[in-house]
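# A structural walkthrough
Each chain, written out:
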Number of protein chains: 2
Amino acid sequence: MMERNTKQRDAIRHVFEKTARPLGPAEVLEAGRAEVSKLGIATVYRTINSLVESGWLVPVELPGEPPRYEIAGAAHHHHFRCRDCARVFEIHGCPGDLSDLTPAGFMLESHEVVLYGKCARCAAP
Amino acid sequence: MMERNTKQRDAIRHVFEKTARPLGPAEVLEAGRAEVSKLGIATVYRTINSLVESGWLVPVELPGEPPRYEIAGAAHHHHFRCRDCARVFEIHGCPGDLSDLTPAGFMLESHEVVLYGKCARCAAP
DNA sequence: ATAGATGCAAAGGGTTTGCACTTGA
DNA sequence: TCAAGTGCAAACCCTTTGCATCTAT
């Protein structure tokens, strides 16, 4: 599946390559129409899903929000969401071993951390 | 709104009182039918929403999943989601100060931590 | 008695799928 | 050529809403 190079697929990849932040399907559709004006939402979804399956994209899921996607390849990291502008930023570092928090008998496999607050721009006076 | 005591409302509160973990609307519906067999999903949604507004319930939102709800009043805590049975459990403890992860200029206000793995039941042989 | 609450079914919003047409290899 | 990929619209899933009926006060 998705083994051909189409202009739609190229356009969608270009959108991610040109944008430094995680994007949702609607944003991809809008930006992608600059290159392929008749681009359809179904193609965006199918292509994103296949790019995730192929490992080129990874989903960025924040609590209570529809998924965004970003180009894969970054090291293990988490995200900071600005409460004012709603933008999401990658943060480096990690709280480390969280097995202390794991209840007895439970098997810890991975974790997710999201920080909330104000980004540099919104915190500035 | 929701200012009367109905058997549906009571049943829904009972479900949360009897269950120690965060529940989604479908789980509440199923458990609630034990008390009110004709309970409808719309009533579950309406009642949950009003219990959240009144502060009796708080939403538990995990990345990429529809919201669950738990009784308000618990101290700051996080959640563990079982990858096998998809149930969510409250965990005690907290990684603590995460300001090390916060980029310069950013203002950290709060955080969310979710652990993933196998619950005691699903990890058992 | 009567406004509030319920249940059903229909409507919404976002994502997926069926199908005929288009297109890349 | 001709199967993979696309676009459109219908189907889906979860949640909300409209409305006639029921019920707590």
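Residues numbered from 1 in each chain as written. Chains lettered and ligands numbered in written order. Predicted model: local features only at pLDDT ≥ 70, side-chain atom pairs only at ≥ 80, totals over all residues. Heavy atoms only, no water.

## Details of the side chain of Thr47 of chain B
Residues and elements named next belong to chain B. Under the convention used in this document: Here a strand is any run of E in DSSP of at least two residues, a helix any run of H or I of at least four, and the numbering for each starts at the N terminus. For every residue, the accessible area obtained with a 1.4 Å probe (protein chains only) is divided by the maximum for its type, and the residue is called buried under 20%, exposed over 50%, and partly exposed between those limits. A contact between two residues is defined here by any heavy atoms of the two lying within 4.5 Å.
Within the element layout of this structure, Thr47 appears in helix α3 (residues 41–53). Of the residues examined, Thr47 reaches a relative accessible area of 1% and is grouped as buried. Excluding its chain neighbours within four sequence positions, the residues that come into contact with Thr47 are Met2, Arg9 and Ile12.

## Details of the relation of the copies chain B and chain A
Basically, it comes down to this: When the copies are overlaid, the least-squares fit takes in C-alpha atoms only where the residue has pLDDT of at least 70 in both copies.
Expressed as a screw operation, the relation of chain B to chain A combines 0.0 Å of axial shift with a rotation of 178°, fitting to an RMSD of 1.4 Å. This pairing of chains is accounted for by a two-fold axis. Residues of chain B ranked by C-alpha distance from the rotation axis are headed by Pro63 of chain B, positioned 1.7 Å from it. A share of 100% of interface residues in chain B that are also interface residues in chain A marks the association as one of identical surfaces.

## Considerations on the protein's contact with DNA strand C
Condition: Summary of the distance rule: residues count as near a molecule or strand when at least one heavy atom falls within 4 Å of that molecule or strand. N or O atoms within 3.5 Å of each other form a polar contact, as long as, within protein, one can give a hydrogen and the other can take it, and as long as residues adjacent in sequence are counted only when both atoms are side-chain atoms. Each residue receives one of three labels: charged for Asp, Glu, Lys and Arg, nonpolar for Ala, Val, Leu, Ile, Met, Phe, Trp, Tyr, Cys and Pro, and polar for the others, Gly being one of them.
Close to DNA strand C lie 19 residues, the nearest being Tyr45 of chain A together with Met2, Glu3, Arg4 and Arg46 of chain B. When atoms of DNA strand C within 4 Å of the protein are split into backbone and base, the sugar-phosphate part holds 62%. Side-chain polar atom of Gln8 of chain B to a sugar or linking oxygen of DNA strand C: 3.0 Å apart, as the coordinates give it. In this structure, a phosphate oxygen belonging to DNA strand C sits 3.1 Å away from a main-chain N or O atom of Lys38 of chain B. Sorting the residues of the surface near DNA strand C by element identifies α3 (41–53) of chain A together with α1 (7–18) and α3 of chain B as the ones contributing at least two each. Considering only residue class, the surface near DNA strand C consists of six nonpolar, six polar and seven charged.

## Digging into the nonpolar core
One recurring pattern in soluble globular proteins: nonpolar side chains tend to sit buried together. Quick note on the threshold: As used in this record, nonpolar core signifies buried Ala, Val, Leu, Ile, Met, Phe, Trp, Tyr and Cys residues forming a set joined through side-chain atoms within 4.5 Å.
In this structure, Leu115 of chain A together with Leu115 of chain B are the most contacted members of the largest nonpolar core, which totals 19 residues. Going through the elements one at a time, β3 (78–82) and β5 (107–118) of chain A together with β3 (78–82), β4 (88–91) and β5 (107–118) of chain B are the ones with two or more residues in this core. Those residues within four positions of Leu115 of chain A in sequence are excluded, and the remaining contacts are His79, Phe80, Arg81 and Ile91 of chain A together with Leu98, Leu101, Thr102, Leu108, Ser110 and His111 of chain B.

## Concerning the interface of chain B and chain A
Using the following cut-off: We define buried area as the total accessible area lost by two parts upon association, computed with a 1.4 Å probe and summed across both. In what follows, salt bridge is the name for a side-chain nitrogen of Lys or Arg lying within 4 Å of a carboxyl oxygen of Asp or Glu.
On the chain A side, the residues contacting the 34 residues of chain B number 34 residues. Taken together, both faces of the contact between chain B and chain A bury some 2800 Å²; the carbon and sulfur share is 66%. Ranking the residues of chain B by area buried against chain A places Leu101, Phe106 and Leu115 of chain B at the top, with a combined share of 21%. Across the chain B-chain A interface, the total number found is four salt bridges. Here Arg83 of chain B ties to Glu109 of chain A by a salt bridge, and the two come within 2.8 Å at their closest N and O atoms. Taken together, chain B and chain A are joined by 14 residue pairs in polar contact (both at pLDDT 80 or more). Elements that contribute at least two residues to the side of chain B that touches chain A include exactly β4, β5 and α4 (120–123) of chain B. Residue contributions to the side of chain B that touches chain A peak at twelve residues, all from β5 of chain B.

## Some points on the pairing of β3 of chain B
All names here are of chain B. Our working rule: Note: two strands are recorded as paired if DSSP finds a minimum of 2 bridges between them.
Taken across its five residues, β3 has five buried, putting it largely inside the fold. Neither face of β3 is left uncovered, since the one carrying His78, Phe80 and Cys82 and the one carrying His79 and Arg81 both have all their residues buried. Here β3 pairs with β4 via four bridges, running antiparallel. Of the residues in β4, the one forming a bridge with Phe80 is Phe89. With antiparallel pairing between neighbouring strands as the criterion, β3 and β4 make up a hairpin whose turn holds five residues, including Ala86 at a positive phi of roughly 70°. When β3 meets β5, the two strands line up parallel, connected through four bridges. Residue pairing for β5: Arg81 is matched across the bridge by Tyr116.

Note that every value here comes from positions in space, so none of it alone points to a role or purpose.
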